[in-house]
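# An overview of the molecular structure
Given next are the chains, with one letter for each unit.
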Amino acid sequence: MLSGVRVLVTRPEHQAENLSRLIEERGGIAIRFPTLDIVSRNDDEIKYSLTNMDSFQWVIFISVNAVNFALKANSGKIGRTESVRFAAVGRSTAQAMKVAGLPVDLMPADGYNSEALLAMPQLQQVEGQNFLIVRGEGGREQLATTLRSRGAEVNYLEVYKRIIPRIDSSPVIELLVQHRLDVITVTSAEALQNLSLMLGENNNKLLSLIPLVVVSDRIRCIAADMGFKRVTVTDSPIDTAILETVITCVTGE
């Protein structure tokens, strides 16, 4: 089905293997090229906040990484408390919370982003409530901005940061110049922007001609602004959905 098709997988190294394996099981060639590296933030504030959550009515985890790096910063556990309700932005995040022994009191009924969470009935009347958003350094502001506009008090707990990996880009540049890249998969706007930086401005025109599979309309808009000509959005951000979209791009079915 993907016989010999070269698919560039830009997920962080520790998250790329499942998608790469799925591609290879369908006969494709997964080219692992992480354009983001995710590392811990060493901060005593993290441990303090995670052990003193009684002042919050809601704790929202933005991503699987938010759950895992919070656990890492706090000796592998996050204490439960009766006064706090826990929310997840999407299913993968909710699953990571369950594995960590945390309840999932709220998750979007449809969609996998801040907008879907904000649409939930439980977050409409939040005046005077305290929220803690657990995320990476410098994430999107929409969730906090909207909750504040509804009268909530919002604090951030940033448990990791994203950096550009120090890896050799020349093998991928060579494939690009030789027109031997067939599809690119990207799961965040920052990963897409880093891809462009890592391959060099002089290669951006070639890069923009390759079919691009992304996981949200927001990333699609950014890709279009960057000049990408063929951008397809998956039904969800999970690896199986990304694989099916890649197959559709290649076969047209």
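Above this text you will find the structure in question.
## What to know about the sheet that holds strand S10 (residues 231-233)
Pairing is parallel across the open sheet formed by 5 strands, whose spatial order is S2-S1-S8-S9-S10. At either end of the open sheet lies a strand with only one pairing partner, and these are strand S2 (29-32) and S10. Going across the sheet, the axis of each strand differs from the next one's by a mean of 25°, ignoring polarity. Summarising the sheet, strand S9 (residues 212-214) and S10 pair through 3 bridges and their orientation is parallel. Paired with Leu212 across the two strands is Val231, which belongs to S10. Sheet contacts for helix H1 (residues 17-25): strand S1 (6-9), S2 and strand S8 (183-185); angle to S2, the most-contacted strand, approximately 155°.

## A few points about the pairing of strand S5 (residues 85-88)
Relative to S5, strand S4 (residues 58-61) runs parallel, the two being bridged by 4 bridges. Residue Ile60 lies in a different strand from S5, and its bridge partner there is Ala87. Since S4 and S5 lie parallel, the crossover through helix H3 (residues 64-73) that links them has a hand, and here it is right-handed.

## With respect to the pairing of S4
Across the two faces of S4 the burial is the same, with Trp58 and Ile60 and Val59 and Phe61 all buried. Bridging between S4 and strand S6 (residues 130-136) involves 4 bridges; their strand directions are parallel. Across the sheet, Ile60 pairs through a bridge with Ile133, a residue of S6.

## Considering the sheet that holds S4
The 5 strands lie next to each other as S3-S7-S6-S4-S5, forming an open sheet whose pairing is mixed. A strand with exactly one partner marks an edge of an open sheet, and here the two such strands are strand S3 (37-40) and S5. Going from strand to strand, the sheet's axes swing by 25° on average, the running direction of each strand aside. Helix-sheet contacts for helix H6 (residues 142-149) involve S4, S6 and strand S7 (153-163), and the interaxial angle to S7 is about 175°.

## Thoughts on the state of the cysteines
This model, assessed by the stated rule, comprises 0 disulfides. Take Cys249: it sits in no disulfide, and the sulfur closest to it among the cysteines is that of Cys221, at 17 Å.

## Points about the packing of aromatic side chains
Under the definition given, this model contains 2 aromatic pairs. Seen in terms of ring centroids, Phe69 and Tyr160 are 5.5 Å apart; in terms of plane orientation they differ by 35°. Their pairing is tilted. Placement of Phe69 in helix H3 and of Tyr160 in strand S7 is noted, with a sequence separation of 91 residues between them. Residue class for Tyr160 comes out buried when judged on its relative accessible area of 3%. One residue, Arg135, lies across the ring of Tyr156, its end atom 3.5 Å from the ring centre.

## Brief notes about the packing of helix H8 (residues 189-199) against helix H10 (residues 217-225)
Across the interface, H8 lies against H10 with an axial gap of 9 Å and an inter-helix angle of 25°. By the angle between their axes, H8 is roughly parallel relative to H10. Every pair of crossing elements has a handedness; the one defined by H8 and H10 is right-handed. Along its contact with H8, which presents Ala189, Leu192 and Gln193, the element H10 presents Arg218, Ile219, Ile222 and Ala223. Among the residues making up the contact of H8 with H10, the classes are represented as 5 nonpolar, 1 polar and 1 charged.

## Looking at H1
All of the buried residues in H1 are Leu19, Ser20, Leu22 and Ile23. Along the axis of H1, the buried residues cluster in a sector spanning 160°; they form a single face. At its buried positions, H1 is contacted by S1, S2, S8 and helix H11 (239-251). Backbone geometry just after H1 places Gly27 at a positive phi near 95°.

Cut-offs and rules
- Residues numbered from 1 in each chain as written.
- Predicted model: local features only at pLDDT ≥ 70, side-chain atom pairs only at ≥ 80, totals over all residues.
- Heavy atoms only, no water.
- Pairing = 2+ DSSP bridges.
- Helix = DSSP H or I, 4+ residues; strand = E, 2+ residues; numbered from the N terminus.
- Axes fitted to C-alpha atoms, helices over the stretch in contact; angles between N-to-C directions.
- Contact = heavy atoms within 4.5 Å.
- Right-handed = clockwise from strand over helix to strand, strands pointing away.
- Buried < 20%, exposed > 50% of the residue type's maximum accessible area, 1.4 Å probe, protein only.
- Disulfide = S-S within 2.5 Å.
- Phe/Tyr/Trp six-rings, centres within 6.5 Å; stacked < 30°, edge-to-face > 60°.
- Lys NZ or Arg CZ within 6 Å of the ring centre and 35° of its normal.
- Parallel < 35°, antiparallel > 145°, perpendicular 65-115°, else oblique.
- Left-handed = near helix turned anticlockwise from the far one by under 90°.
- Nonpolar A, V, L, I, M, F, W, Y, C, P; charged D, E, K, R; others polar.
- Arc of directions from axis to C-beta.

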